[in-house]
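# Notes for the structure review
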Amino acid sequence: MKTFRYLVLLAAASSLLLVYYIYRVGEKPNIAEQDLVDSLANGEPKAGTKSKSYGALSNSTEISVVVVACNERHNEALNMIKSAIIFNRKQSPLRFVIIAEEQLKINFMEKLNDWQESLLQHLDAVLYVDSDTVFLSPVQEIWAMFQSFNASQFAGMAPEHEDTNAGWYNRFARHPYYGELGVNSGVMLMNLTRMREFHWEDHILPIYREYRLQLVWGDQDILNVLFHYNPDRLFVFPCDWNYRADHCMYMSVCDAPDGVKIIHGNRGYFHSRAQPIFNLIYTTIEEFTFRTDVYANFIRTIEESLVLPSNSNCDKLLDKFLQDPRKYFKENQYEEIT
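So, a few notes on the structure that sits alongside this text. Each chain carries its own residue numbering, running from 1 in the written order of its sequence. Local features in a predicted model are, by the rule used here, given only for residues with pLDDT of at least 70; side-chain atom pairs are given and counted only at 80 or more, and totals for whole chains, interfaces and linings are based on all residues. Each side-chain value is worked out from all heavy atoms of the structure, with water and hydrogens disregarded.

## Topic: the pairing of strand β2 (residues 63-69)
This is how the line gets drawn: Residue burial is assigned from relative accessible area. The probe radius is 1.4 Å, only protein chains are included, and a residue is buried under 20% of its type maximum, exposed over 50%, and partly exposed in between. Comment: elements are numbered from the N terminus, with helices defined as DSSP H or I runs of at least four residues and strands as E runs of at least two. Classification remark: right-handed applies to a crossover when, strands pointing away from the viewer, the course from the first strand over the helix to the second runs clockwise. Only strands joined by at least two bridges in the DSSP assignment are considered to pair.
Of all seven residues that make up β2, seven are buried, and the element is covered over most of its length. On β2, burial covers both faces: I63, V65, V67 and A69 on one face and S64, V66 and V68 on the other are all buried. Viewed along the sheet, the connection from β2 through helix α2 (residues 74-86) into strand β3 (residues 94-100) turns out right-handed. Of the pairings in the sheet, the one linking β2 to strand β4 (residues 125-129) comprises two bridges and is parallel in character. Residue pairing in the sheet places V65 in a bridge with L127 of β4.

## Remarks on the nonpolar core
Short version of the rule: To define a nonpolar core, start from buried Ala, Val, Leu, Ile, Met, Phe, Trp, Tyr and Cys residues and group those joined through side-chain atoms within 4.5 Å. Contacts: residue pairs with any heavy atoms within 4.5 Å of one another.
Membership of the largest hydrophobic core comes to 69 residues, with the highest contact counts inside it found for L127, I142, F237, I263, F278, I281 and F321. Top contributing element to this core by residue count: α2, with seven residues. Beyond its immediate sequence surroundings of up to four residues, L127 is in contact with S64, V65, V66, F135, V139, I142, W143, V187, M188 and L189. In this structure, V126, M190, W200 and I222 belong to the second largest nonpolar core, which totals 29 residues.

## Things to note about the packing of helix α9 (residues 276-287) against helix α10 (residues 294-305)
What counts here: As a rule, the C-alpha atoms of each element are fitted with a line to give its axis, helices using only the stretch in contact, and angles between N-to-C directions run from 0 to 180 degrees. Should the near helix be turned anticlockwise from the far one by less than a right angle, the crossing is left-handed, and should it be turned clockwise, the crossing is right-handed. Gly falls in the polar group here, along with every residue not listed as nonpolar (Ala, Val, Leu, Ile, Met, Phe, Trp, Tyr, Cys, Pro) or charged (Asp, Glu, Lys, Arg).
Direction vectors running N to C along α9 and α10 enclose 145°, while the axes themselves pass 10 Å from each other. By crossing handedness, the relation of α9 to α10 is classed as right-handed. Across the interface between the two elements, L280, I281, T284 and I285 of α9 pack against N297, F298, T301, I302 and S305 of α10. Of the residues in the contact of α9 with α10, the class split is five nonpolar, four polar and no charged.

## Comments concerning α10
For clarity, the cut-off: Here, expected helix span is obtained from the residue count minus one, scaled by 1.5 Å. By construction, the arc corresponds to the directions joining the helix axis to the C-beta atoms. Contacts described as polar in this section are N or O atom pairs within 3.5 Å, which, within protein, must combine one atom able to donate a hydrogen with one able to accept it, while residues neighboring in sequence count only if both atoms come from side chains.
With 12 residues, α10 should cover 16 Å at 1.5 Å per step; its first-to-last C-alpha distance of 15 Å lies within 8% of that length. Every buried residue of α10 is accounted for by V294, Y295, F298, I299 and I302. One face of α10 carries all of its buried residues, which in axial projection span an arc of 115°. In this fold, the buried residues of α10 make contact with α2, α9 and α11 (318-328). The backbone nitrogen of Y295 has a side-chain oxygen 3.0 Å away, supplied by the residue at the start of α10, namely D293.

Laid out in structure tokens, this is it:
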């Protein structure tokens, strides 16, 4: 019973958080003069303004990445930020919006004190990622998907699963969900201007009230209900951009023809040896030192540390995980990451 009450409370907090970081207006944000901020700025467009049309990305295109970090999750969030910087090959300006508890601010400040100074202003769009994600490709690549949105779409997400035999929503959900297998909220492109125009909070809160006793995965379930009834508002991108152990632990169900782009270590896979390659990639990024050779201290470390052959089906896909890193960082081609 306590667990059930906790899940209901979690769902409520998650839904309110969604409203908070998308629709908060009229307040002055608390801003640190770093790439890090600890609250999401307002950004209500002026009357008569239209959503941006995302043209070709240039090196000056600023990319906003949002993450929520609670309790012990601040280390994961820092690792996600670190991975994004490692793969920021074009040196585009990155802005990290971190929604965190008050007591965690000093942890972020101490770790990121040497980073580039910036000022958070109005946000038209953001890339939201869970704290337990790491980038294996440049952030610019997924940000460019905004260009693929049609006139009605305001969010982009990956499917929750690729296999009906193992899908969670099609087997267990007691509420409506998007498409055949639902979508996963761990990585989400968000056009905030369009979401405001849609009156996001007028849709989210009624969904929570109606389905609150059926929600298991909090905000993700709410989003699935929303896009079930508004499928024209969602752009679905491939599993490469939200790659989880579910995609490989039993059999490979995510083709990822161009390699794994973003790895999502949900359910603690970054911190266990159940699927060693997830833990190895996470810890290698965590231990990586800026201004050192990425090939030698990231790619080679993973290649030499992973014990093959392995009983893990995910480990057998090593080349998929390292496809992009090998493409961007060649052996004996040192590139300083600052």
